[in-house]
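Observations on chain architecture
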Amino acid sequence: NTARRTLLVTGGAGFIGSNFVLYWLSRYPQDRVINLDGLTYAGNPENLAEVEHLPNYRFVHGNITDTETVRRIFTEEAVSHVVHFAAESHVDRSILQPDAFVRTNVLGTQCLLEEARRQGNLTKFVHVSTDEVYGTLGEAGLFTEATQLSPNSPYSASKAGSDLIARAYYETYGLPVVITRCSNNYGPYQYPEKLIPTIITRALQDQPVPVYGDGLHVRDWLYVEDHCSAIDCVLNNGNPGQVYNVGGGNERTNLDIVKQLLAELGKPESSIRYVTDRPGHDRRYAIDASKLRRELGWQPQCMLDQGLKRTLDWYAAHTKWWLKRAAVPAEGRNGGERP
Ligand code: NAD
């Protein structure tokens, strides 16, 4: 597909968004990318230093809840596709401040959908969601696209709300919405409040590394570039009105991940500190991504060991990037140490 497209990417200065913008512009250099980001604590335009001078890249500093800003973009630019990442994304913060999550994730998504509908000739609206909307699993089983939504945290509830309003814009107005629900991502540019960068950055500084509860919560890890390629498949070939699960089939307990990272870094397991568990902490996520593989031919490329190694190398080489962020007191995970 070589036709020139204009993508409105929201949250393109965040972790997955900036990986996506870099991925997209190197893979489709003929396309135009407009990055709308409010630059919360999680957004960092430095991530995009290598593309900021490109004539087909434009950064707009603005809030997705601001109708005027969003409308102006749809008026000024011939947007053909929206890829919507912008969100409050951290579960611990959602426990402390749920209102910001409802505002950005629910109202912000509705504002984008509404302005996209008014514009009238969008090719696709990719709403980037999470497997956390499904709630938690027991020892066995996988989330499929038909699994009931049972979100347990204010974060996942706000994402579930945004999925439903996105779905309604397809059913009611025929807006070509496609929803992706991805498992836990890791890789470069992830804010050091999330598990993997927390462990890496603390271990690199010889600090204790915190683990919630018994550490036996299971997550299904996906290297961020494989999430980008999944969105690529969905943007190009996904069917409007459909949901596609995205996951790497890499189920590991948090403790396994922590021990593997410590071993790679040559740090002792005695640096592990078990901290009070997060309230409402989902025990296990595992995702069935067979629809995306079967229908759109998606294939993840990066094995977990290789991805963890790449991520470690990136953090080790980008101390300046994370040091100023790690200095921000991380709520939740680093507090509440068990006596
Ligand atoms: P992030 O927190 O790193 O980045 C979010 C970005 O959105 C930041 O650049 C921030 O400035 C911007 N933003 C926040 N509120 C905004 C607002 N009101 N207006 C404009 N911009 C705003 O998040 P991430 O981890 O990159 O996640 C991106 C998306 O992917 C989210 O929608 C998240 O729910 C989803 N997701 C994340 C994961 C994961 O493991 N990180 C997994 C599945 C889905």
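On a predicted model such as this, the values are computed, not experimentally measured, just so you know.

Rules behind the numbers
What you see as residue numbers is a count from 1 along each chain, following the sequence as written. Only residues with pLDDT of at least 70 are given local features in this predicted model, and only at 80 or more are side-chain atom pairs given and counted; all residues enter the totals for whole chains, interfaces and linings. We count a stretch as a helix when DSSP gives it H or I for four or more residues in a row; a strand needs E for two or more, and each element gets its number in order from the N terminus. Between the buried cut of 20 or more and the exposed cut of 12 or fewer other C-beta atoms within 10 Å of a residue's own C-beta lies the partly exposed class, and all C-beta atoms are placed from the backbone. Residue pairs are scored as contacts if the distance between their C-beta atoms, which are placed from the backbone, is within 7 Å. One requirement defines pairing of two strands: DSSP has to find at least two bridges between them. Fitted lines through C-alpha atoms serve as axes, helices being fitted only where they are in contact, and the angles separating the N-to-C directions of these axes extend from 0 to 180 degrees. Should the C-beta atom of a residue, placed from the backbone, lie within 6 Å of a molecule or strand, that residue is near it. Asp, Glu, Lys and Arg are counted as charged, while Ala, Val, Leu, Ile, Met, Phe, Trp, Tyr, Cys and Pro are counted as nonpolar; the rest, among them Gly, fall into the polar class. Reported orientations rely on four angle classes, namely roughly parallel under 35 degrees, roughly antiparallel over 145, roughly perpendicular from 65 to 115, and oblique for the rest. Two helices crossing with the near one rotated counterclockwise from the far one by less than a right angle form a left-handed crossing, whereas a clockwise rotation gives a right-handed crossing. UniProt positions are given in the numbering used here, feature names are shortened, and annotations may be inferred rather than shown by experiment.

1. Re the overall build of the protein
- Within the protein one finds eleven helices and twelve strands.
- Each principal axis of the C-alpha atoms in the protein carries an extent, and together these give about 60 × 45 × 40 Å.
- In the protein, which comprises 339 residues, the share counted as buried stands at 48%.
- Within the protein, contacts between residues separated by at least 24 positions form 83% of all contacts whose residues are at least 6 apart in sequence.

2. Remarks on the sheet that holds strand β5 (residues 124-130)
- Read from one edge of the open sheet, seven strands run β3-β2-β1-β4-β5-β6-β10, paired in parallel fashion. Of all the strands in the sheet, just β3 (57-61) and β10 (243-246) have a single pairing partner and so form its edges. Each strand of the sheet is rotated relative to its neighbour by a mean of 20°, with strand direction disregarded.
- Pairing between strand β1 (residues 6-10) and strand β4 (residues 81-84): four bridges, direction parallel.

3. Some points on the site of the ligand
- As a structural note, the neighbourhood of the ligand is formed by 29 residues, with G11, G14, G38, G43 and A87 the closest of them.
- Contributing elements (two or more residues each) for the shell around the ligand: α1 (15-27), α4 (98-119), β5 and β7 (184-186).
- The element that contributes the greatest number of residues to the shell around the ligand is α1, accounting for three residues.
- Across the shell around the ligand, the residue classes break down as twelve nonpolar, 14 polar and three charged.

4. Regarding the packing of α4 against helix α5 (residues 154-173)
- The contact between α4 and α5 brings their axes to 8 Å, and the two run at 15°. When the axis of α4 is compared with that of α5, the two are roughly parallel. In terms of crossing hand, the pair formed by α4 and α5 is right-handed. Of α5, the residues touching α4 (which contributes P98, F101, V102, N105, V106, T109, Q110, L113 and R117) are P154, Y155, S158, K159, G161, S162, I165, A166, Y169 and Y173.
- Residues of the contact of α4 with α5, tallied by class, amount to eleven nonpolar, six polar and two charged.

5. Remarks on the UniProt feature "domain: NAD(P)-binding" (unreviewed entry) in the protein
- Mapped onto the present numbering, the UniProt feature "domain: NAD(P)-binding" (unreviewed entry) falls at residues 8-311.
- The distance from the first to the last C-alpha atom of residues 8-311 is 27 Å, and the span holds 40% helix and 18% strand.

6. What about the UniProt feature "transmembrane region" (unreviewed entry) in the protein?
- The sites that UniProt annotates as "transmembrane region" (unreviewed entry) are residues 6-25.
- Counting secondary structure, residues 6-25 comes out at 55% helix and 25% strand; the distance between its end C-alpha atoms is 11 Å.

7. Regarding the sheet that holds strand β9 (residues 218-223)
- One open sheet accounts for three strands, arranged β7-β9-β11; its pairing is mixed. Across the chains shown, the open sheet's two edge strands, defined by having one partner strand only, are β7 and β11 (251-253). Direction aside, the axes of adjacent strands within the sheet are offset by 50° on average.
- As paired strands, β7 and β9 are joined by three bridges and run parallel to one another. When the sheet's bridge partners are listed, N185 is paired in β9 with L222.

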